[in-house]
Each structure stands twice: as structure tokens, then as C-alpha cells.
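# What the coordinates show
The chain contents come next:
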Amino acid sequence: MYRLFWPAVACGLLLSALGIVPLPYIGAPLLGLLIYRAGVATLGSLRRGASFVPTGTPHPVDARTERTVYWCSGCGAELLLLVRGTETPPRHCGERMTERHEVARELS
Ligand SMILES: [Zn+2]
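Summarised in this report is the structure supplied together with it. For clarity, every value in this text was computed on a predicted model and none was experimentally measured. (Residues numbered from 1 in each chain as written. Predicted model: local features only at pLDDT ≥ 70, side-chain atom pairs only at ≥ 80, totals over all residues. Heavy atoms only, no water.)

## Here's the deal with the coordination of the zinc ion
Ideal values differ by geometry: the angle at a metal is 109.5 degrees with four tetrahedral donors, but 90 or 180 degrees with six octahedral donors. At the metal site, the zinc ion is ligated by Cys72 (SG), Cys75 (SG), His92 (ND1) and Cys93 (SG), and these contacts range over 2.0 to 2.4 Å. Relative to the metal, the 4 donor atoms surrounding the zinc ion lie at angles of 101 to 115°, and the coordination shape comes out tetrahedral. Of note, the donors binding the zinc ion are all from one chain and are spaced C-x2-C-x16-H-C. A relative accessible area of 2% means that Cys72 is categorised as buried. Looking at Cys75, the relative accessible area reads 47%, which means it is partly exposed. (Donors = N, O, S within 2.8 Å, 3.2 Å for Na, K, Ca; no water. Tetrahedral: all angles 85-135°; square planar, octahedral: opposite > 155°, others 65-115°. Buried < 20%, exposed > 50% of the residue type's maximum accessible area, 1.4 Å probe, protein only.)

What follows is the structure, encoded as C-alpha cells:
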């Protein structure tokens, strides 16, 4: 569908410019395609946002070698990651949290 959008626009404008088809008969379907494409893009961004549910099994994090902390810039809350479900950082106060990796220090 996405690959056909710009060729359809070009064909419509060409047919209209050549006078084969009147502009209102070309403009209305193209406007409909544009509205449809904007709607799909908006819903796709919502899917990738807060409503995104990861698939796959979560992986436990080895706290001896890796310490990952998420920090909220809105309220200052910090979360320690114990089990990684996805690479996407969690949200807090409506924003993505900042990920910070801390390297474990060798004890001698
Ligand atoms: Zn917060």
C-alpha cells in the first residue's frame, strides 16, 4: 500500500494535467489516501509508544556484572533493572526514562 502511494499521486496528477480526468475526480481519492496514511501513521506511533507490549521471554540481569538503572527526568525516580524484557526503556511521568549502565567494580 505504501509503495503505491506516490506512484498513484503522480499518475493522478499526470492524468489531471493532461486533461483526461477532471481534477476533482483525482483530488478526492488522493485526499482520502492522504488522510488514511496519516491515520495509519498516527496509530502506528501509538502502538510503538506506551501501549507497546513486548513479545518474547524476559532475561534476568546478572547484578554482579551489570547494573542498569533507569532515571526519570520528570520526578527523579530511579529504577534498578532486575529482569530485561525488552531493549526499550520504560516510561515514567509520560516520558521515556534515561538508561544508565554502571560497570561492576572488581573486588580484590
Ligand atoms: Zn517520573
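## Side note on the sheet that holds strand β3 (residues 78-80)
With antiparallel pairing, the 3 strands of this open sheet are ordered in space as β3-β2-β7. Where the open sheet ends on each side, the last strands, each with one partner, are β3 and β7 (98-103). Going from strand to strand, the sheet's axes swing by 25° on average, the running direction of each strand aside. Where strand β2 (residues 66-71) lies against β3, 3 bridges are found, and the strand directions are antiparallel. Directly across from Tyr70, in β3, lies its bridge partner Leu79. (Pairing = 2+ DSSP bridges. Helix = DSSP H or I, 4+ residues; strand = E, 2+ residues; numbered from the N terminus. Axes fitted to C-alpha atoms, helices over the stretch in contact; angles between N-to-C directions.)

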